[in-house]
Amino acid sequence: KQEVTQIPAALSVPEGENLVLNCSFTDSAIYNLQWFRQDPGKGLTSLLLIQSSQREQTSGRLNASLDKSSGRSTLYIAASQPGDSATYLCAVTNDYKLSFGAGTTVTVRA
Amino acid sequence: DGGITQSPKYLFRKEGQNVTLSCEQNLNHDAMYWYRQDPGQGLRLIYYSQIVNDFQKGDIAEGYSVSREKKESFPLTVTSAQKNPTAFYLCASSISLVKDTQYFGPGTRLTVL
């Protein structure tokens, strides 16, 4: 059974600092990995999707890397802003299902 | 506007009652999903559907039922057999199963009184 872990569970940084969020998974036979953002009481917004054959994806200030063999992904957010405050969830796809981590809750202090 | 809608936003249920959560999408996606989210936990898959008139159990299907009579609709019924139904329920859809980004609705918060 796939287990997805995100550490740390919470993170607080001053505005302008770069954010590094970690995700690890136990079964490396994945189709893809996604990073989502969730604001309190809201649904999920997809940020980046990395196919299993890719090493990284970039979108604006966001960059996600994937090391499938070691079961790890990292989401980098450059020059953080207060509007980046949210919970970030990592999810991997295998066996026709998404398996989610519990998320990292980020607070960016102005 | 294309997207996924869920209704109601908040739902209160008395013990022993069945309730149905609505999920509609106009993205022309084949695959649809229902997840449950509890505080401090990741999302857990309840049911998923690859095409109309077909659906499969996820990891925590006990006490729930679904139907997929139309491509755009995937309602979830929380039955009285679900022992701890208070949670945040999220519906999602994707072009196809597995390969594509899942798009999520705004969620329904269900509380059992």
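Above this text you will find the structure in question.
Criteria and cut-off values
- Residues numbered from 1 in each chain as written.
- Chains lettered and ligands numbered in written order.
- Predicted model: local features only at pLDDT ≥ 70, side-chain atom pairs only at ≥ 80, totals over all residues.
- Heavy atoms only, no water.
- Contact = heavy atoms within 4.5 Å.
- Buried area = accessible area lost by both parts, 1.4 Å probe.
- Salt bridge = Lys/Arg side-chain N within 4 Å of Asp/Glu carboxyl O.
- Polar contact = N/O pair within 3.5 Å; in protein donor to acceptor, adjacent residues only side chain to side chain.
- Helix = DSSP H or I, 4+ residues; strand = E, 2+ residues; numbered from the N terminus.
- Pairing = 2+ DSSP bridges.
- Axes fitted to C-alpha atoms, helices over the stretch in contact; angles between N-to-C directions.
- Phe/Tyr/Trp six-rings, centres within 6.5 Å; stacked < 30°, edge-to-face > 60°.
- Buried < 20%, exposed > 50% of the residue type's maximum accessible area, 1.4 Å probe, protein only.

Digging into the interface of chain B and chain A
- At the junction of the two partners, chain B supplies 22 residues and chain A supplies 19 residues.
- Buried area between chain B and chain A, both sides added, is near 1600 Å², and the carbon and sulfur share of it is 59%.
- Where chain B meets chain A, there are 1 salt bridge.
- Counting the contacts that link chain B with chain A gives 2 residue pairs in polar contact (both at pLDDT 80 or more).
- Of all elements in the fold, only β4 (31-37), β5 (44-49) and β9 (87-94) of chain B reach the threshold of two or more residues within the side of chain B that touches chain A.

A short note on the sheet that holds strand β8 (residues 76-78) of chain B
All names here are of chain B.
- Read from one edge of the open sheet, 4 strands run β1-β3-β8-β7, paired in antiparallel fashion. Only two strands of the sheet have a single neighbouring strand rather than two, namely β1 (4-7) and β7 (64-66). On average, each strand axis in the sheet is tilted by 20 degrees relative to the strand beside it, whichever way the strands run.
- Pairing of strand β3 (residues 19-25) with β8 involves 3 bridges; the strand directions are antiparallel.

Points about the packing of aromatic side chains
Residue and element names in this part refer to chain B.
- If you walk through the whole model with that rule in mind, you get 8 aromatic pairs over all chains.
- When the centroid spacing of 6.0 Å and the interplanar angle of 80 degrees are considered together, the rings of Tyr47 and Phe55 count as edge-to-face.
- You can call Phe55 partly exposed: its relative accessible area is 35%.
- Taking the centre distance of 5.9 Å and the plane angle of 65 degrees together, the rings of Tyr64 and Tyr89 count as edge-to-face.

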